[in-house]
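The residues making up each chain are set out below.
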Amino acid sequence: MTSLLEKYGYSKFDIENRVIDAWNNIFDQKNPNHFYFEAPDGMGYMEDTGNDDARTEGMSYGMMMALQMNRKDIFDRIWKWARTYMYLDKGPNAGFFCWSNQLDGRKNADGPAPDGEEYFAMALFFAAERWGNGEGIFNYTEEARAILRTAIHGPSKMWDEKYHHIRFVCNCPFTDPSYHLPHFYEIFAQRADPEDKEFWEEAAKASRKYLVKACHPVTGLAAEYATDEGNPLPPEHHGTFFSDSYRVAANIGLDALWCGKTESLSQIAENIINFFVLKTAEELKDYMVDGKALKKNARHPIGLIATVAEAALAISDKDGDNSAVERAVKRFWETPMRTGRRRYYDNCLYFFALLALSGKYIKY
């Protein structure tokens, strides 16, 4: 199958080298830009270089990256660090993972962030398919099932029972559109506890419908935090298009890659690409969802460019001008990974986009 990057003229050789270089930029201990670190006792962690901590977001991302690159050694190191230092074994959040830890393992909080849990579960299910289950914490299937079982049946619920929407944090009254991963939930329906199959099927349907409500009908932009009706929270409460929001475009692209294109989500992807395609680097800002530019420049411009390009995977195959899509992909290809303090989030989004656009982000 021809990848989107190949479709737009990039050679398999160049694509393969770009993937390897990007991997090394994150994981090679000798690379000055790496933010994966090995730790004693067969462990490793991903550092959020902008905040000097390890987060379930980055740890679960690192596991997914290692899974896709067939690096079981690194996958198991990251998982062991998470399970050793981040796992919560008492209180209402028992069975979840502390969302932020110091780099020596000490916890910075006593609660989880649901985007980390859903990525942990998905990476673990894929690991079981790719490498088979081991024992204890390396029985990947049971570990993933336990996370999802706790998420919907435990006292601190990560999904709302009425809407089937993931929460921003457990039991809170609003959601984060970038947490909505319908392509994950379809797989959860097949691999989580059998009695929860219907719940995850409904969650997949609900999240696809929700994204249509949460994304502006003209710009395609979503807020970081929004109500279950899709309305942005007030601007002072993250109701603007900011760092979390970038992932919505990527998620829509990956949903199309794994599960097929949906007309309504394809339109959102097209709107997002059209909104950004002619913007210069200086024009990449924070925005209201209607497209009004705010004063601050985008904190993670490389990640934004990457996710806009990944949205191209969802564009429908209808005849017509696809120059905007080609321009978005070209811009991504010509944009180097970020260096410096804030490189962690940008380069995670960059690597995922590269995997998806190269046809290497595989559903196992």
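Please read these numbers as outputs of a predicted model, since none were measured by experiment. (Residues numbered from 1 in each chain as written. Predicted model: local features only at pLDDT ≥ 70, side-chain atom pairs only at ≥ 80, totals over all residues. Heavy atoms only, no water.)

**As for unusual backbone geometry**
For the record, the criterion: Put simply, DSSP H or I for four residues or longer makes a helix, DSSP E for two residues or longer makes a strand, and each gets a number counted from the N terminus. Relative accessibility decides the category of a residue: with a 1.4 Å probe and only protein chains considered, values under 20% of the type maximum give buried, values over 50% give exposed, and everything between is partly exposed.
Phi is positive for His-164, which is not a glycine, with a value near 60°. By the element assignment, His-164 lies in the loop between helix H6 (140-153) and helix H7 (182-191). The class for His-164 is buried, based on a relative accessible area of 17%. Unusually for a residue other than glycine, His-238 sits at a positive phi of about 65°. Tracing the backbone through its elements, the reader meets His-238 in the loop between helix H8 (197-214) and helix H9 (246-259).

**A look at the packing of H7 against H8**
The test is simple: All axes are obtained by fitting lines to C-alpha atoms, using only the stretch in contact for helices, and the reported angles, taken between N-to-C directions, cover 0 to 180 degrees. Each angle receives one of four descriptions, namely roughly parallel if under 35 degrees, roughly antiparallel if over 145, roughly perpendicular if within 65 to 115, and oblique otherwise. Each helix crossing is assigned a hand: it is left-handed if the near helix lies turned anticlockwise from the far helix by less than a right angle, otherwise right-handed if that turn is clockwise. Whether two residues are in contact is decided by their heavy atoms, any of which lying within 4.5 Å being enough. Ten residues, namely Ala, Val, Leu, Ile, Met, Phe, Trp, Tyr, Cys and Pro, are considered nonpolar, four, namely Asp, Glu, Lys and Arg, are considered charged, and the remaining ones, Gly among them, are considered polar.
Axis separation between H7 and H8 bottoms out at 8 Å; the angle between their running directions is 165°. With respect to their mutual orientation, H7 and H8 come out roughly antiparallel. Between H7 and H8 lies a crossing of left-handed hand. Contact residues: H7 offers Pro-182, His-183, Tyr-185, Glu-186, Phe-188, Ala-189 and Gln-190, while H8 offers Lys-197, Trp-200, Glu-201, Ala-203, Ala-204, Ser-207 and Arg-208. Classifying every residue of the contact of H7 with H8 by side-chain character gives seven nonpolar, three polar and four charged.

**Quick look at the nonpolar core**
Selection criterion: Buried Ala, Val, Leu, Ile, Met, Phe, Trp, Tyr and Cys residues form a nonpolar core when they are joined through side-chain atoms within 4.5 Å.
Within the largest apolar cluster, 129 residues are counted, with the highest numbers of intra-cluster contacts made by Met-59, Met-65, Tyr-185, Trp-200 and Phe-276. Of all the elements, helix H13 (residues 343-357) adds the most residues to this core, at 12 residues.

**Focus on the pattern of salt bridges**
Heads up, the rule is: Each reported salt bridge corresponds to a side-chain nitrogen of Lys or Arg within 4 Å of a carboxyl oxygen of Asp or Glu.
A complete count under the given rule lists 21 salt bridges for this structure. One salt bridge connects Glu-201 with Lys-197, and the closest N-O pair in it is separated by 3.3 Å. Here the residue Glu-201 and the residue Lys-197 both occupy positions in helix H8, the gap between them amounting to four residues, near one helical turn.

**Considerations on the environment of Val-212**
Within the secondary structure, Val-212 is located in helix H8. C-alpha separation for the pair Val-212 and Asp-317, spaced 105 residues apart in sequence, amounts to 20 Å. Among all residues touching Val-212, those that are not within four sequence positions of it are Ser-264, Leu-265 and Ile-268.

**Some remarks on the pairing of strand S1 (residues 36-39)**
Where we set the bar: Whether two strands pair comes down to DSSP finding at least two bridges between them.
One ladder, built from four bridges, connects S1 with strand S2 (residues 43-46); its direction is antiparallel. Looking at the pairing, Ala-39 lines up with Met-43 of S2.

**A few points about the side chain of Asp-244**
Topologically, Asp-244 is positioned in the loop between H8 and H9. Judged by relative accessible area, Asp-244 falls into the buried class, the value being 14%. In this view, Asp-244 contacts Asp-176, Ser-178, Tyr-179, Glu-224, Tyr-225 and Tyr-345; residues no more than four positions away in its chain are not counted.

**Here's the deal with helix H3 (residues 56-68)**
Basically, it comes down to this: What a helix is expected to span follows from its residue count: subtract one and scale by 1.5 Å.
Taking 1.5 Å of rise per residue, the 13 residues of H3 would be expected to cover 18 Å, and the 18 Å separating its terminal C-alpha atoms lies within 8% of that figure. Within H3, 13 of the 13 residues are buried, which leaves the element mostly enclosed by the surrounding structure. Asn-70 sits one or two residues past H3 and shows a positive phi near 60°.

**Observations concerning the environment of Ala-109**
Structurally, Ala-109 can be placed in the loop between strand S4 (100-101) and helix H5 (114-131). Since its relative accessible area comes to 23%, Ala-109 is described here as partly exposed. For the pair Ala-109 and Ala-312, spaced 203 residues apart in the sequence, the C-alpha separation amounts to 37 Å. Residues within four places of Ala-109 in sequence aside, it is in contact with Cys-98, Trp-99 and Ser-100.

The values are spatial; any link to function lies outside them.
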